[in-house]
Every structure is written in structure tokens, then in C-alpha cells.
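Each chain, letter by letter, is given below.
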Amino acid sequence: PAPASGAYPVPASPAAPAARAAAPAASYGAPAPGAFSGNVMSVVQTLTGKWSTSATIWSIIGWYQIIVGVVTVFVGYGIVALILGIWNVKNASNLRKAARQYRKNPVGIVRYADSMSSGVVSLLLNLFLGAFFGVIGALYDMGASRYAKANRDLLVQAEQQALGH
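Calculation notes
- Residues numbered from 1 in each chain as written.
- Predicted model: local features only at pLDDT ≥ 70, side-chain atom pairs only at ≥ 80, totals over all residues.
- Heavy atoms only, no water.
- 1 Å grid on protein atoms, 1.4 Å probe; cavity = no way out; pocket = protein on both sides within 12 Å on 5 of 7 lines; lining within 4 Å.
- Points joined across faces, edges and corners; volume = space filled by probe spheres on them.
- Helix = DSSP H or I, 4+ residues; strand = E, 2+ residues; numbered from the N terminus.
- Phe/Tyr/Trp six-rings, centres within 6.5 Å; stacked < 30°, edge-to-face > 60°.
- Buried < 20%, exposed > 50% of the residue type's maximum accessible area, 1.4 Å probe, protein only.
- Lys NZ or Arg CZ within 6 Å of the ring centre and 35° of its normal.
- Nonpolar A, V, L, I, M, F, W, Y, C, P; charged D, E, K, R; others polar.
- Contact = heavy atoms within 4.5 Å.
- Expected span 1.5 Å × (residues − 1).
- Axes fitted to C-alpha atoms, helices over the stretch in contact; angles between N-to-C directions.
- Parallel < 35°, antiparallel > 145°, perpendicular 65-115°, else oblique.
- Left-handed = near helix turned anticlockwise from the far one by under 90°.
- pLDDT = per-residue confidence, 0-100.

**Q** It is not clear to me how empty space enclosed by the protein should be interpreted in this structure. Could you clarify?
**A** Think of a ball as big as a water molecule: rolled over the atoms, this probe shows where empty space is left. For the structure on display, the rule yields one cavity of 30 Å³ or more. In this structure, the largest cavity encloses a volume near 80 Å³. If you trace the largest cavity, you find it lined by Trp 51, Ser 54, Ala 113, Met 116, Ser 117, Asp 141, Ala 144, Ser 145 and Ala 148. Going through the elements one at a time, helix H2 (38-71) and helix H6 (132-150) are the ones with two or more residues in the lining of the largest cavity. Looking at the lining of the largest cavity element by element, the count peaks at four residues for H6.

**Q** I'm lost on the packing of aromatic side chains in this one. Help?
**A** Given two aromatic rings, their pairing is described by the distance between the two centres and the angle made by the two planes. Under the definition given, this model contains four aromatic pairs. Centroid distance Tyr 64 to Phe 133: 5.4 Å. Interplanar angle 70°. Geometry classified as edge-to-face. A residue pair is termed long-range when its members are at least 10 positions apart, and Tyr 64 in helix H2 and Phe 133 in helix H6 qualify at 69 residues. Among the residues examined, Tyr 64 registers a relative accessible area of 45% and is labelled partly exposed. Of note, Lys 50 hangs over the ring of Tyr 147, and the distance from its end group to the ring centre comes to 5.3 Å.

**Q** What am I meant to see in the layout of surface pockets here?
**A** The volume enclosed by the largest pocket comes to roughly 1000 Å³. Trp 58, Trp 87, Asn 88, Ser 122 and Asn 126 are the residues nearest the centre of the largest pocket, which is lined by 30 residues in total. Listing elements by their share of the lining of the largest pocket, those giving two or more residues are H2, helix H3 (78-104), helix H4 (109-115), helix H5 (120-129) and H6. For the lining of the largest pocket, the leading source of residues is H3, giving eight residues. Tallied by class, the residues present in the lining of the largest pocket amount to 19 nonpolar, 10 polar and one charged.

**Q** Help me understand the environment of Ala 144 in this model?
**A** Relative to the elements of secondary structure, Ala 144 occurs in helix H6. It is 9.2 Å that separates the C-alpha atoms of Ala 144 and Ala 113, two residues lying 31 residues apart in sequence. Ignoring sequence-local partners within four residues, the contact set of Ala 144 consists of Leu 47, Lys 50 and Trp 51.

**Q** Would you mind showing me how to read H3 here?
**A** Because an α-helix packs 3.6 residues into every turn, residues spaced three or four apart end up facing the same way. Here H3 contains 27 residues, and its C-alpha end-to-end distance of 39 Å stays within 8% of the 39 Å for a straight helix at 1.5 Å per residue. For H3, the full list of buried residues reads Gly 78, Ala 81, Gly 85, Asn 88, Val 89, Ala 92, Leu 95, Ala 98, Ala 99 and Tyr 102.

**Q** Sorry, what's going on with the packing of H2 against H3 here?
**A** Axis angle and axis distance: for two packed helices, these are the angle between their axes and the distance between the axes, and together they describe the pair. Direction vectors running N to C along H2 and H3 enclose 160°, while the axes themselves pass 7 Å from each other. Judged by the angle between their axes, H2 and H3 are roughly antiparallel. For the pair H2 and H3, the crossing hand works out as left-handed.

**Q** What am I meant to see in the confidence of the model for the protein chain here?
**A** Caution is warranted with low-pLDDT regions, since their predicted coordinates should not be read in detail. This prediction gives the protein chain a mean pLDDT of 78; 76% of its residues lie at or above 70. Per-element averaging of pLDDT across the protein chain places helix H1 (residues 16-22) at the bottom with 37 and H2 at the top with 93. Below a pLDDT of 50 lies the segment residues 1-34, which in the model reaches 24 contacts outside its immediate sequence neighbourhood of four places, other chains included.

Quick look at the structure:
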């Protein structure tokens, strides 16, 4: 299990100090296989933190939609609100689980980040439907997507380090 601080565990090795002492000066400070450099770890933690925040936003939106749906179920649009609310709560739960998983072990984080939408479709849909809270969620997701794209090389590096390459 990861420490409470959320930091990645660094395997202890009795040979590590000797190996570092024997390493050429150019490689000093490079992470040992399985260890993570500070910048790489910071990017992974920031991105997974953004995903956790996004999950919270969408969970709140989803529960709001469920409440509105229950109250207005006989008006006509209540069923749609219920369906969208359940959909948003389910997807928020999946996103939160993914964020926890990739914070512990970033293998696969690049593929997952690439598979997430940029948020543009969600933004346009929420603008069209007049869903103010959905616009907030979509804008936040767009920021997280931009962050992932801007730091893609470091995310690839995190995967490689997790695999020991």
C-alpha cells in the first residue's frame, strides 16, 4: 500500500547507496528502477488529483440530477434527469477509482488520459441544454485534459519508471 502522503513507494535496496556511489556523475540523481523522480511523481499526483476533483464535481451534478428527476418524474423531463444523474454518478465513481489506481501505479495512465474526451462535446451539450452545473464540470474536464496533454512525456516516463525501464 502507498503511504498516507500519496507518495509512490521506493523499493529499499541495501545495494542502492553503493550503486549510486559507483555511478558516473552524469547519472547522479536519476531514479533507480521502480523509483520515481519528483517531477514525474508530481505530474501524476496532480493529474490524478484533477481526476478526483472532476469525479466529485460530476458526482454532485449527478446527485442533483437524481433529486430533480425524482421530484419531477411525472412532469416529463424527470425521467431524463434520473437517467443522466445515474449516468453521471456511475461515471464519476469509475473516474475516482481510476484516479486512485493510477496514483498508486501509473502503468496505463497515458492510454487512459488519451481515451478521455477533451470536454468540448460535453461543454457544447451542456450549453445547448442550459445545464449551468454541467458547464462547470465540462470546463474543469477541459483543464484536466489540457494538463494531461501538456505533460504527456512525463506521464510516459512515469509508466516506464513504474515498469522498471
